[in-house]
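These are the residues of each chain, in order.
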Amino acid sequence: MHFPDEIIALAQTIVTDFTAKSWMVATAESCTGGLIAGALTEIPGSSAVIDRGFVTYTNTAKMEMLGVQEQTLAQFGAVSKETALQMVHGALFRSRADFAVAVTGIAGPGGGSAEKPVGLVHLAAKARSGALLHHEMRYGDIGRDKVRLATLQTALEMLVALAQ
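Source: prediction; values computed, not measured.

## What to know about the UniProt feature "domain: CinA C-terminal" (unreviewed entry) in the protein chain
Logical step 1: Per the UniProt entry, the sites bearing "domain: CinA C-terminal" (unreviewed entry) are residues 9-160 in this numbering.
Logical step 2: The span residues 9-160 is 42% helix and 22% strand, and its two end C-alpha atoms sit 11 Å from each other.

Dropping the structure here:
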């Protein structure tokens with residue numbers, strides 16, 4: 001796949017910096033469907049950095065693979081801060097990674113509502129040391145590909161920021 005130059009540059013930074021520190025990363029992806037792991041693995045030498053990726057598109061997958069609580073999904077929905085935080089926690093602790101990133105959102109073109117419009121994405125990044133970031137992004141109804149690429153870029157930026 002061809003990723004934009006900005007995304008490749010971020011992925012290269014992560015692979016270079018994490019390799020130098022012997023750090024590994026895990027991804028937990030819903031609306032990006034594996035794009036974060038895909039962008040990272042575009043970089044030669046990424047096998048030193050990528051531990052594993054979880055693509056959890058359904059609520060059942062989020063529960064089974066990442067330990068997201070059914071009550072969280074029922075109360076807050078799949079696209080929520082609470083779900084993103086449980087996803088990133090599950091990815092970190094169901095892997096050998098030092099860092100994890102998780103994304104859940106509505107890429108469109110449908111599926112949005114007044115409370116949760118198309119383009120709403122919750123992202124979380126967490127270090128095993130306990131440092132944690134959460135971003136709620138409202139990209140708007142800019143098209144599925146653009147929402148997914150913007151989410152990918154934000155997720156990589158969060159990993160870079162968390163690792164500093």
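Still more to cover.
## Quick notes on the pattern of salt bridges
Logical step 1: Evaluated as defined, the whole model comprises two salt bridges.
Logical step 2: Taking the shortest distance from any N to any O, the salt bridge between D51 and R52 comes out at 2.6 Å.
Logical step 3: Classification of R52 as partly exposed rests on a relative accessible area of 32%.
Logical step 4: Put simply, E136 and R138 hold a salt bridge, and the shortest N to O gap is 2.9 Å.
Logical step 5: Taking the relative accessible area as the measure of exposure, E136 reaches 40% and is therefore partly exposed.
Logical step 6: In this structure R138 comes out as exposed when scored by relative accessible area, which is 51%.

## A short note on the packing of aromatic side chains
What describes a pair of aromatic rings is the distance from one ring centre to the other and the angle between the planes of the rings.
Logical step 1: Under the definition given, this model contains three aromatic pairs.
Logical step 2: Taking 5.4 Å as the distance between ring centres and 90 degrees as the angle between the ring planes, the aromatic pair formed by F18 and W23 counts as edge-to-face.
Logical step 3: Classification of F18 by relative accessible area gives buried; the value is 1%.
Logical step 4: Exposure remark for W23: the relative accessible area of 22% places this residue in the partly exposed category.
Logical step 5: Three or more aromatic residues link up through ring pairs in this structure, and these residues are F18, W23 and F99.

## Points about the side chain of H122
Logical step 1: Among the secondary structure elements, H122 is positioned in strand 4 (residues 120-127).
Logical step 2: Given the relative accessible area of 5%, H122 is considered buried.
Logical step 3: Separated by 3.3 Å, the side chain of H122 and the backbone nitrogen of K81 make a polar contact.
Logical step 4: H122 has contacts with V79, S80, K81, A84, A102, V103, T104, H134, H135 and E136, leaving out every residue within four places of it along the chain.

## Focus on the environment of S46
Logical step 1: You can see S46 is positioned in the loop between helix 2 (35-41) and strand 2 (50-55).
Logical step 2: Between the alpha carbons of S46 and V160 there is a distance of 15 Å; along the sequence they are 114 residues apart.
Logical step 3: Excluding its chain neighbours within four sequence positions, the residues that come into contact with S46 are V15, L40 and T41.
Logical step 4: A polar contact of 3.1 Å, which involves the side chain of S46, links it to the backbone oxygen of I43.

## Describing the pairing of strand 2
Logical step 1: Inspection of the sheet shows strand 1 (residues 25-29) paired to strand 2 by five bridges, in the parallel sense. Note on strand 2: the bridge partner recorded for V25 is I50.

What counts and what doesn't
Residues numbered from 1 in each chain as written. Predicted model: local features only at pLDDT ≥ 70, side-chain atom pairs only at ≥ 80, totals over all residues. Heavy atoms only, no water. UniProt positions renumbered as here; feature names shortened; annotations may be inferred. Helix = DSSP H or I, 4+ residues; strand = E, 2+ residues; numbered from the N terminus. Salt bridge = Lys/Arg side-chain N within 4 Å of Asp/Glu carboxyl O. Buried < 20%, exposed > 50% of the residue type's maximum accessible area, 1.4 Å probe, protein only. Phe/Tyr/Trp six-rings, centres within 6.5 Å; stacked < 30°, edge-to-face > 60°. Polar contact = N/O pair within 3.5 Å; in protein donor to acceptor, adjacent residues only side chain to side chain. Contact = heavy atoms within 4.5 Å. Pairing = 2+ DSSP bridges.

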